[in-house]
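Next come the chains, spelled out residue by residue.
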Amino acid sequence: VPPPPAPTIGAQQAELDRLTGSSRLPPLPAMSGPSRGRELELLDDDPFEGVVFSPTLEEAIQDVMPSEDELDRADFNATAYINKLFPTEESLLSVEPFMDTLRAKICALDGEVMSTVRLQTTGAGSARTELESGKAAIQELFLRVQEVKRKAEASERMVLEICRDIKCLDYAKRNLTHTITALRRLQMLAAAIDQLRAMCAQRLYRECAHLLLAVGELAQHFEPFRGIPKVDGLHAAIADIKKELRVQIFADVNRLSTGADKEKGDGGDVGDGGAASAQSLEQLADACAAVDALGEGVRREMLSWFCNLTLAPYRHIFHPYADGGSLERTEVRYTWHRQALKKYHGRYASVFPRQWHMAAVLTVEFCKVTRVHLSEILTEAGRSDKLQVGVLTHALVKTSDFEKEMAQLFGGQARRLATHDGHILAATADADAEDDDDDVEHAAQPAKSAGWSFIGSISSAFQAYMGTYVSLEERSAKEGVATVLAAEKWVVAEDLRSGPKETRVLKSSIELFLQIKRALKRCVPVSTGEVLVQLQGVWRAALCSYAVAILSKLPKLPGISTGWEPPAVHLTDEDLELVCAVVTTCEYCSQTSGELEETIRRQLDPELAPKADMAAAQDGFQGAISAAVRLLVSDVETALHPHLLAYTRVKWSEVEDVAEESPHMNAILRKLSKVCEFWGSHLLPIYVRFTCDKLVSAFMPRFVSMIHRCKRLGETGAQQVLLDLQALKGCLLDLPRACNATSTSVYTKMVGSELGKAEQLLRLVLTPEHALAEHFSELAAGLAGVDLAKVLELKGVRRPEMTTSSLLEELKGGVSSSAANASLSQGSLKIKKLLNMN
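Quick notes on the rules
Residues numbered from 1 in each chain as written. Predicted model: local features only at pLDDT ≥ 70, side-chain atom pairs only at ≥ 80, totals over all residues. Heavy atoms only, no water. Helix = DSSP H or I, 4+ residues; strand = E, 2+ residues; numbered from the N terminus. Buried < 20%, exposed > 50% of the residue type's maximum accessible area, 1.4 Å probe, protein only. Contact = heavy atoms within 4.5 Å. Areas by Shrake-Rupley, 256 points an atom, 1.4 Å probe, with all protein chains shown as cover. Core = buried A, V, L, I, M, F, W, Y, C linked by side-chain atoms within 4.5 Å. Axes fitted to C-alpha atoms, helices over the stretch in contact; angles between N-to-C directions. Parallel < 35°, antiparallel > 145°, perpendicular 65-115°, else oblique. Nonpolar A, V, L, I, M, F, W, Y, C, P; charged D, E, K, R; others polar. Disulfide = S-S within 2.5 Å. Salt bridge = Lys/Arg side-chain N within 4 Å of Asp/Glu carboxyl O. pLDDT = per-residue confidence, 0-100. Phe/Tyr/Trp six-rings, centres within 6.5 Å; stacked < 30°, edge-to-face > 60°. Patch = residues over 30% accessible without salt bridge, like charges linked within 9 Å, V, L, I, M, F, W, Y side chains within 5 Å.

Some thoughts on the overall build of the chain
When you go through the chain residue by residue, the secondary structure sums to 30 helices and 2 strands. Here the chain holds 838 residues, and 39% of them are scored as buried. Expressed as a percentage of contacts within the chain between residues at least 6 apart in sequence, the contacts between residues at least 24 apart total 77%. When the accessible surface of the chain is totalled, it reaches about 46900 Å², and 56% of it is carbon and sulfur.

Laid out in C-alpha cells, this is it:
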C-alpha cells in the first residue's frame with residue numbers, strides 16, 4: 001500500500017483548531033511541490049505575525065525542548081539573522097541551497113506536528129477514563145476514613161465508661177494515702193514534741209538541736225491546716241518549747257561562761273579566756289547547736305551576747321576618757337584584738353558552729369566599737385587643738401594596716417555576712433562547704449558584702465579630719481621653711497666645696513626636701529587621693545616661699561639701665577660666691593621639684609595623676625636664677641665701664657700711630673679673664689653659657705655707645721678701636737671655653753652679630769668723606785641712630801665746617817667719582833684689608 005500523501009499546512013492547522021477549539025489563526029493555503037516554495041516566497045502576510053509568548057512560557061519551552069539554534073530564540077530577528085548569513089553580494093549565491101535546507105526542515109517539522117496531533121487525539125480518551133477512575137477511588141477512600149473515625153469515637157466512649165469507676169477508686173485511694181500519711185506525721189510530730197520537752201528538761205542540747213530540725217520539718221507539712229484546733233495546739237506547743245529552750249540555754253551559757261557554776265568554773269570570763277572545763281565547753285558547743293536550730297533571731301542574740309562579753313574589757317580599758325583611750329595608743333588597741341583572736345581560736349573555735357564565722361563577727365564588732373572611740377577622741381582633740389600631725393598619721397597608718405590584715409584574714413567570711421537591723425547575721429550552713437576555697441580566693445580583696453567592708457571600717461573616722469591633717473602638714477611645712485632659713489649660713493658648707501659643682505648647694509635646700517620627703521612618706525599610706533593633691537599644693541607653696549627667701553638674700557640690683565651707664569653693682573668675693581651658690585641651689589631645687597612632681601604623679605590615683613604640678617615652684621627657682629645671672633653680668637659691666645669711659649677721654653686727634661691693643665682694651669681683657677676663672681670654678685656649664693649670652697647682649701650695646709661718645713675719633717682712632725674690637729671678639733668667642741664650658745653656634749652667631757654693629761660703624765668712620773655718599777647706605781644698614789652728621793663728627797669734621805661747606809648736600813645727593821675713590825689714604829687701605837674689603 002503506498003504511503004498516504006503528506007498533509008498540507010492547511011490540513012494541519014484545521015486539525016489543530018479542531019482539537020483545541022481555537023479558530024484564532026487563519027488556515028494557510030495548501031501548497032505542494034515547486035509551487036509550494038514559490039508561494040512561500042511570495043506570501044505577503046505572516047499568519048503568526050504579532051504572536052508573542054510570555055517569558056514564563058518561553059522558559060518552559062526551553063526547559064522541555066532545549067535548543068541552541070538561533071531560530072528558536074525568543075528575541076529572534078530575521079533581518080539580523082539574514083544579514084549575518086549573507087553579509088556580501090557574493091554570499092547571495094548560496095541562497096538557493098539555504099532555501100532548500102529550510103524547506104527540508106519545514107517538511108520534517110510538519111511531520112512531527114502531525115504525529116503529535118494524532119497521538120494527542122488518541123490519548124485524550126484514555127486520560128478521561130483514568131481521571132474518572134481516580135475520582136472513584138478517592139471517593140471510596142473518603143468513605144472508609146469516615147467509617148474508621150466513627151468506630152474510634154465509639155471505642156473512646158466505651159473506654160471512658162469503663163474507666164470512670166476506676167478513677168473514682170483511684171481518687172479514693174489517693175485521699176486515703178494522704179490521710180494516713182498526715183496522721184502518721186501528726187503522730188510523729190506529737191511524739192517529737194513530747195521527746196523535745198523531755199530533752200529540754202534533761203538539758204541534752206545536742207539532741208534538742210536534731211529534734212528541733214525534725215519538728216520544724218514536720219511542722220511545715222501542717223501549715224496548710226492552720227485553723228484546725230489540734231494543729232494550732234501543736235504549733236503553740238512548739239513555740240512554747242522554743243521560748244523555754246531559749247531562756248534555758250542563755251541561763252546555762254551565762255552560768256557556764258561567768259563561772260556561776262562553782263563546780264565547773266573559776267570565775268574567768270570569755271574575754272579573759274577563763275578556765276572553763278572541757279565539759280563546760282562541750283555543753284556550750286551543744287547549746288550553740290541548739291541555738292542554730294532555733295533560728296536566726298536566737299542566733300543573732302547569741303552572737304551579740306558573745307561579742308559584748310568579749311569586748312567588755314576592751315570598752316573599759318580603751319574608752320575615750322580612760323587612760324588607754326588616747327590617739328597615741330591606737331596601735332595598742334589592735335594588739336589587744338590580735339590577742340583576743342588568739343585566745344578565741346585556742347579555746348572557743350570548736351564551740352561555735354563554723355558557719356557562724358564568729359571570729360569575723362567579733363572582728364566586725366571590734367571595728368565598729370573602735371571607730372566610735374576614735375571618732376570621739378578625734379573630735380575632742382580637734383576641739384582642744386591638741387592634734388599633732390605625727391600622732392595623727394601614725395594612728396591612721398596603723399589603722400589602715402590593721403584593716404588590710406583583717407580583710408586578708410576574714411575577707412571570704414565577711415563576704416557572707418549580711419546586715420539586718422544593724423546586726424551582723426551568720427551565713428547559712430550550706431555555704432560552709434565553700435569556705436576554704438573562697439577564703440583563699442578573696443584573701444587579698446576587701447570584703448564586698450552588701451553592708452560591710454573591712455577596708456575603711458575604722459579609717460573612715462579620720463576622713464572628717466583630713467582637712468585638719470592637711471592644715472597640720474601646712475603648718476609643719478611653713479615651720480620647716482622658717483627653721484631651715486634660720487639655720488642657713490648662706491655659704492656653701494665646707495664638706496660640699498670639695499665635691500662636684502652640682503653638689504655645691506645651700507644646706508637649707510637639702511634639709512627642705514628631706515622634710516618634704518618625710519611628709520610624702522607619711523601621706524602615701526594615709527591617702528593617695530585628694531589629700532595628696534592638697535598636700536602637693538602645700539609643698540609647692542613652701543618651695544615658692546623658699547625661692548622668694550633665696551631671692552631676697554641676693555644683693556639688691558638697681559634699676560635696669562638701657563642707656564650708657566650700667567647698673568652700679570659692686571660685689572665682693574663673698575657676694576659672688578653667694579650668687580653662684582644661689583644659681584646652683586636653685587638649679588638643684590628646680591630639678592628636684594620636677595622629680596618630686598613625677599613621684600607624686602606615680603603615687604596618686606590614676607584619675608588624679610594629671611593634677612601633679614610643680615611648675616610654679618620651678619618657675620620661682622628659675623626666676624631666682626635669672627636675677628642672680630643679672631647680678632653677675634651687672635657686676636662685670638660695672639667693672640668694665642671705667643675702661644669704656646677712658647676711651648671717650650682719649651684725645652684721638654693727638655694719636656699718631658696704631659698700637660696692637662690699647663691699654664684700655666688690655667684692662668678689659670684682664671677683667672674678662674679673671675671673670676672666666678671665677679665662673680668656671682663656681683658655675684655649672686649650662687649657666688656659664690647662659691651668663692656669657694647675657695654678658696654679650698648687655699655689654700656690646702654699651703661698647704657701641706662708647707664709640708658714639710668718642711669725639712673726633714678720626715681715621716687713626718677708628719683703626720685703633722677696630723683692632724681692639726678684634727681682640728675683644730676673640731676673647732668673647734673664647735669666653736665659654738675658658739670657663740670650662742662648650743660654646744654653641746648660637747653664641748658664636750650672637751657675638752658676630754653684636755660686634756658686627758660696631759665694625760659697621762667704624763667702617764663708616766674709615767670711609768673717605770668723598771666716598772661716603774656711595775658707601776653710606778650700604779655700610780649703615782642695620783645701624784640704629786647713625787646719620788651722616790654723626791659719622792662726619794666721628795671723622796673729625798667740625799660742625800661749622802659741616803654747615804658752611806656743601807659736603808652734607810653732596811653726601812645726601814649721592815655724588816661720587818672715580819677720582820674720589822682713588823684718593824683713599826694708606827691708613828684706610830690698611831684697615832680695609834683687615835675688614836676684607838677690596
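So much for the structure itself; the text now carries on.
So, the environment of Leu-341
Take Leu-341: it is sitting in helix α10 (residues 330-347). When near neighbours in sequence (up to four residues on either side) are disregarded, Leu-341 contacts Ala-359, Thr-363, Met-406 and Phe-410.

Structural notes on the nonpolar core
The nonpolar side chains of a soluble globular protein tend to be buried, and buried together. Phe-703 and Leu-728 are the most contacted members of the largest nonpolar core, which has 185 residues in total. Here the element with the most residues in this core is helix α19 (residues 615-649); it accounts for 14 residues. Among all residues touching Leu-728, those that are not within four sequence positions of it are Met-665, Ile-668, Leu-669, Leu-672, Phe-699, Met-700, Phe-703 and Leu-755.

Describing the packing of helix α8 (residues 278-294) against helix α9 (residues 296-317)
Here α8 crosses α9 at 140 degrees, and the two axes come no closer than 6 Å. Considering their axes alone, α8 and α9 lie oblique with respect to each other. Together, Val-291, Asp-292 and Leu-294 of α8 and Val-298, Arg-299 and Met-302 of α9 make up the contact between the two elements. Among the residues forming the contact of α8 with α9, the class breakdown is 4 nonpolar, no polar and 2 charged.

Some points on the environment of Phe-318
Its place among the elements puts Phe-318 in the loop between α9 and α10. Using a relative accessible area of 2% as the deciding quantity, one classes Phe-318 as buried. Separated by 56 residues in the primary sequence, Phe-318 and Leu-374 have C-alpha atoms spaced 9.8 Å apart. Excluding its chain neighbours within four sequence positions, the residues that come into contact with Phe-318 are Gly-324, Gly-325, Arg-329, Val-332, Arg-333, Trp-336 and His-373.

Considering the state of the cysteines
Covalently bonding the sulfur atom of one cysteine to the sulfur atom of another cysteine gives a disulfide. On inspection of all chains with the given rule, the structure shows 0 disulfides. Its sulfur unpaired, Cys-586 is 6.1 Å from the next cysteine sulfur, which belongs to Cys-589.

Observations regarding the packing of helix α22 (residues 714-733) against helix α24 (residues 745-766)
Direction vectors running N to C along α22 and α24 enclose 175 degrees, while the axes themselves pass 9 Å from each other. Considered as vectors, α22 and α24 are oriented roughly antiparallel to each other. Note on element contacts: α24 touches α22 through Tyr-747, Thr-748, Val-751, Leu-755, Ala-758, Glu-759, Leu-762, Val-765 and Leu-766, opposite Gly-714, Glu-715, Ala-718, Gln-719, Val-721, Leu-722, Leu-725, Gln-726, Leu-728, Lys-729, Leu-732 and Leu-733. Within the contact of α22 with α24, the residues separate by chemical class into 14 nonpolar, 4 polar and 3 charged.

Digging into the pattern of salt bridges
Summed over the entire model, instances satisfying the criterion amount to 17 salt bridges. One salt bridge in this structure joins Asp-100 and Arg-103, with 2.7 Å as the shortest N-O distance. On the criterion of helical spacing, the pair formed by Asp-100 and Arg-103 is a turn pair, its members being 3 residues apart in helix α5 (residues 95-202). Here Arg-246 makes a salt bridge to Glu-301, at a shortest N to O gap of 2.5 Å.

Structural notes on the side chain of Glu-473
With respect to the helices and strands, the residue Glu-473 is situated in helix α14 (residues 466-487). Setting aside residues no more than four positions away along its own chain, Glu-473 makes contact with Val-389, Thr-393, Ala-519, Arg-522, Leu-535 and Val-538.

As for unusual backbone geometry
Even without being glycine, Arg-203 reaches a positive phi, approximately 60 degrees. By the element assignment, Arg-203 lies in the loop between α5 and α6 (205-221). A positive phi angle, near 55 degrees, is found at His-357, a position not held by glycine. Its relative accessible area of 5% is what places His-357 among the buried residues.

Observations regarding the confidence of the model for the chain
Per-residue confidence for the chain gives a mean pLDDT of 76; residues scoring 70 or more make up 77%. Segment residues 260-276 is flagged for pLDDT under 50; beyond a separation of four residues in sequence, or across chains, it makes 33 contacts in the model. In this model, residues 811-838 is a region of pLDDT below 50 whose contacts with residues beyond four sequence positions or in other chains number 34 contacts.

Here's the deal with the environment of Glu-595
The residue Glu-595 is located in helix α18 (residues 573-603) in this model. Along the primary structure Glu-595 and Met-614 are separated by 19 residues, whereas in three dimensions their C-alpha atoms are 9.4 Å apart.

Overview of the packing of aromatic side chains
Taken as a whole, this structure holds 18 aromatic pairs when the rule is applied. Between Tyr-314 and Phe-366 the ring centres are 4.7 Å apart and the planes differ by 50 degrees, which places this aromatic pair in the tilted class. Highlighted residues: Tyr-314 in helix α9 and Phe-366 in helix α11 (residues 358-383), separated in sequence by 52 residues. One exposure class covers both Tyr-314 and Phe-366, and it is buried. Put simply, the rings of Trp-305, Phe-306, Tyr-344, Tyr-348, Phe-352 and Trp-356 touch in pairs and so form one group of aromatic residues.

Remarks on a nonpolar patch on the surface
A cluster of nonpolar side chains, namely Phe-53, Leu-57, Ile-61, Val-64 and Met-65, defines an oily patch on the protein surface of about 490 Å² accessible area. In this structure, Phe-53 sits in the loop between α2 (33-42) and α3 (55-64).

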